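Secondary and tertiary structure notes
Below, each chain spelled out in residue letters.
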Amino acid sequence: MSSAAPTTHLWLREETKPMEHRAALSPEVCKKLLEHGGFEITVESCKERIFADSEYSEVGCKIVPGDSWRKAPADAIITGLKELPENDQTPLPHTHIMFAHCYKQQGGWKDVLSRFVEGKGLLYDLEFLQDDSGRRVAAFGFYAGFTGSAVGINAWCHQQLHGDERYPEIKPYPNEDVLIAETKEKLAKIGKMPRIMVMGALGRCGSGAVSYARKAGIPEANIVKWDMAETAKGGPFQEIMDVDIFVNCIYLSSKIPPFVTQEQIDADRQLSVIVDVSCDTTNPYNPIPIYSTNTTFDNALLDIGSSNPKPLQLCSIDHLPTMLPREASNQFALDLLPTLLQLPTRATAPVWTRAEKLFHEKVASMATTD
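Residues numbered from 1 in each chain as written. Predicted model: local features only at pLDDT ≥ 70, side-chain atom pairs only at ≥ 80, totals over all residues. Heavy atoms only, no water.

**Here we look at the overall build of the protein chain**
Defined as follows: The way it works is that DSSP assigns letters per residue, a run of H or I at least four long becomes a helix, a run of E at least two long becomes a strand, and they are numbered from the N terminus. Think of it in three bands: with a 1.4 Å probe and only protein chains considered, a residue is buried below 20% of the maximum accessible area for its type, exposed above 50%, and partly exposed in between. Residue contacts follow a heavy-atom distance rule, with two residues in contact if any of their heavy atoms lie within 4.5 Å. In these tables, accessible area is a Shrake-Rupley quantity obtained with a 1.4 Å probe, and a residue counts as shielded only by the protein chains included in the view.
A count of helices and strands for the protein chain gives eleven helices and twelve strands. For the protein chain, the spread of C-alpha atoms along the three principal axes comes to 75 × 50 × 35 Å. Buried positions account for 52% of the 370 residues belonging to the protein chain. Sequence-distant contacts in the protein chain: of pairs separated by 6 or more residues, those separated by 24 or more amount to 74%. For the protein chain, the exposed surface amounts to about 16600 Å²; the carbon and sulfur share of it is 52%.

Given below as structure tokens:
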């Protein structure tokens with residue numbers, strides 16, 4: 001008599017990053033996984049999450065206290081979005097699915113990977129779950145660009161309406177219609193439209209940024225759309241200085257000349273707002289090397305020093321889609337669902353085998369990288 005196939009146990013951990021309201025698994029996707037069969041889902045209670053605990057329990061998930069994943073069964077796959085809690089160097093014995101931000105030599109990357117090595121755990125980095133063509137199977141890119149564009153336009157409006165008054169704390173919106181209506185109201189008060197440049201306009205992220213500008217009522221002629229063809233000549237680019245708002249949505253994979261330099265922003269310019277959606281803040285190849293710190297929802301804009309008296313403010317929030325947490329989470333989880341359904345056969349499923357191979361390659365590279 002053959003035994004039943006083993007159950008794949010997903011453990012959705014509590015997010016601890018401040019102001020993070022998204023979830024890697026939505027109740028809708030949990031329901032689909034459980035109905036498919038072969039899955040068990042444990043969900044840590046989380047007050048910040050846009051989905052109530054009851055939404056998960058109603059579809060059959062088990063609810064446990066937050067931050068209890070360390071004591072989860074050894075075969076549980078710990079699933080989350082953002083990095084693990086800071087100031088914790090304990091070994092990681094489990095398999096984790098998350099955005100670890102440690103494969104491009106970001107600040108502290110060796111510390112993160114060393115925890116997996118010491119605990120004999122495994123990392124499946126969400127950023128590097130890719131299909132056969134090399135495209136990410138799931139990404140928040142569209143909503144990152146969409147909300148980044150919103151912050152850029154709203155910040156420009158704030159400069160026009162309130163001068164150097166501090167930009168207010170950004171809180172999550174119940175849906176995109178509320179956010180769009182707010183931007184339209186501000187633009188109507190000003191009576192003129194900004195020019196906005198989207199770098200990486202053909203990608204997921206860039207298309208989201210362009211979409212928001214259009215929905216906010218920015219005329220097509222005022223939306224400057226650049227991608228690889230326009231940047232092929234190499235930066236820095238004076239064209240960025242000639243718009244009001246610059247939204248950077250590129251995917252950085254290798255060293256490129258800077259898009260913007262301190263010399264440029266010290267000279268005459270129209271530019272007054274930069275939104276760095278890509279947020280390669282600690283990447284040595286950051287193409288916007290005029291800042292080195294991330295901003296946050298409660299302090300969204302960084303004042304960039306310049307000998308030009310015209311203000312220049314920069315947003316570098318690295319989890320912008322949490323402004324629209326319900327829509328962004330559900331879309332991401334639905335995109336991820338076909339790949340999650342392959343977890344029971346992850347030893348042979350190409351998306352998962354590639355991700356595991358990449359993890360081991362990155363671990364090996366620690367020995368040869370300063």
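**Some remarks on unusual backbone geometry**
Of note, the bond from Gly-235 into Pro-236 is cis; its omega dihedral lies within 30 degrees of zero at 0°. Checked against the element boundaries, Pro-236 lands in the loop between α7 (228–231) and α8 (238–241). Its identity is not glycine, yet Gln-105 carries a phi of approximately 60°, on the positive side. Looking at where Gln-105 falls in the secondary structure, it is placed in the loop between β5 (95–98) and α3 (109–119). The backbone of Lys-120 shows a phi angle near 60°, a positive value even though the residue is not glycine. Tracing the chain through its elements places Lys-120 in the loop between α3 and β6 (122–125).

**Describing the side chain of His-319**
Residue position: His-319 is located in the loop between β12 (313–315) and α10 (325–340). Those residues in contact with His-319 that sit more than four places away from it in its chain are Lys-17, Pro-18, Met-19, Glu-20, Arg-22, Lys-82 and Phe-297.

**Some thoughts on helix α5 (residues 176–190)**
What counts here: Helix span, expected: 1.5 Å multiplied by one less than the number of residues in the helix. Arc definition: directions from the helix axis to the C-beta atoms.
For α5, which comprises 15 residues, the first-to-last C-alpha distance of 22 Å matches the rise-based estimate of 21 Å (1.5 Å per residue) to within 8%. Among the residues of α5, Glu-176, Leu-179, Ile-180, Thr-183, Leu-187 and Ile-190 are the ones counted as buried. Within α5, the buried residues cover an arc of 95° as seen down the axis, which keeps them to one side. Seen from the buried face of α5, the exposed residues on the opposite side, beyond 90 degrees, are Asp-177, Ala-188 and Lys-189.

**Concerning the sheet that holds strand β11 (residues 302–303)**
Where we set the bar: Being paired, for any two strands, means DSSP has found at least two bridges between them. A fitted line through C-alpha atoms represents every axis, and for helices the fit uses only the stretch in contact; the resulting angles, taken between N-to-C directions, go from 0 to 180 degrees.
Strand order in the open sheet formed by six strands is β8-β7-β9-β10-β12-β11, and the pairing between neighbours is mixed. Unpaired on one side and paired on the other, β8 (223–226) and β11 mark the two borders of the sheet. Its contacts with the sheet place helix α4 (residues 141–162) against β7 (196–199), β9 (245–248), β10 (273–276) and β12, and it is angled at close to 160° to β10. Each of β7, β8 and β9 touches helix α6 (residues 204–215); the most contacted strand, β8, lies at about 170° to it.

**As for the environment of Trp-109**
Positionally, Trp-109 belongs in helix α3. Residue Trp-109 is classed as buried on the basis of its relative accessible area, which comes to 8%. C-alpha separation for the pair Trp-109 and Cys-205, spaced 96 residues apart in sequence, amounts to 24 Å. Beyond its immediate stretch of four places on either side in the chain, Trp-109 contacts Cys-102, Lys-362, Ser-365, Met-366 and Thr-369.

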